[in-house]
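Inside the fold
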Amino acid sequence: MSVAKGTVVRCCFCDYEFDEEEGVKACGACTLFGGCRKVKCPKCGYEMPEMPKLLKRILSWRRS
């Protein structure tokens, strides 16, 4: 997968790598604290917590 598109996410269950945009946002309409902030694997459907924005910035800074 290309890192230039966005953040690459690896599924904790099936080890599939996909772009965060490709992952289906689960419970996006949930009103509990602004949503559950999970990312669903497009291959197996496993729901994982979304990576915090601060960690995304650190990782993108480290890659460049």
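All of the points below concern the structure found in this document. (Residues numbered from 1 in each chain as written. Predicted model: local features only at pLDDT ≥ 70, side-chain atom pairs only at ≥ 80, totals over all residues. Heavy atoms only, no water.)

**Some details on the pattern of salt bridges**
To keep it simple, the criterion reads: Just to be clear on terms, a salt bridge is a Lys or Arg side-chain nitrogen sitting within 4 Å of an Asp or Glu carboxyl oxygen. Note on exposure labels: buried denotes an accessible area under 20% of the residue type's maximum, exposed denotes more than 50%, and partly exposed covers the range between, all computed with a 1.4 Å probe on protein chains only.
For the coordinates displayed, the defined rule picks out five salt bridges. With a closest N to O distance of 2.1 Å, E17 and R10 form a salt bridge. Residue classification places E17 among the partly exposed residues on the basis of a relative accessible area of 29%. Classification of R10 as partly exposed rests on a relative accessible area of 46%. Here E47 ties to K40 by a salt bridge, and the two come within 3.9 Å at their closest N and O atoms. One connected set of salt bridges, linked through shared partners, spans R10, D15 and E17.

**Remarks on the environment of C36**
To be explicit about the condition: A run of DSSP states H or I qualifies as a helix once it reaches four residues; a run of E qualifies as a strand once it reaches two. Both are numbered from the N-terminal end.
Looking at the element boundaries, C36 is found in the loop between β3 (24-26) and β4 (38-40). Note on C36: relative accessible area 30%, which makes it partly exposed. Each C-alpha atom, one on C36 and one on E50, is 8.9 Å from the other, the two residues being 14 residues apart in sequence.

**A closer look at the packing of aromatic side chains**
For any two aromatic rings, the description comes down to two numbers: the centre-to-centre distance and the angle of the planes. The following threshold applies: In summary, the pairing rule links any two rings of Phe, Tyr or Trp, Trp by its six-membered ring, whose centres are within 6.5 Å, and it sorts them by plane angle into stacked for under 30 degrees, edge-to-face for over 60 and tilted for everything else.
Within this structure, the stated rule accounts for two aromatic pairs. Where F13 meets Y46, the ring centres are 5.6 Å apart and the plane angle is 20°; that geometry is what we call stacked. With F13 in the loop between β1 (8-10) and β2 (17-19) and Y46 in the loop between β4 and β5 (47-49), this pair connects stretches of sequence that are 33 residues apart. Classification of Y46 as partly exposed rests on a relative accessible area of 37%. Centroid distance Y16 to F18: 6.0 Å. Interplanar angle 20°. Geometry classified as stacked.

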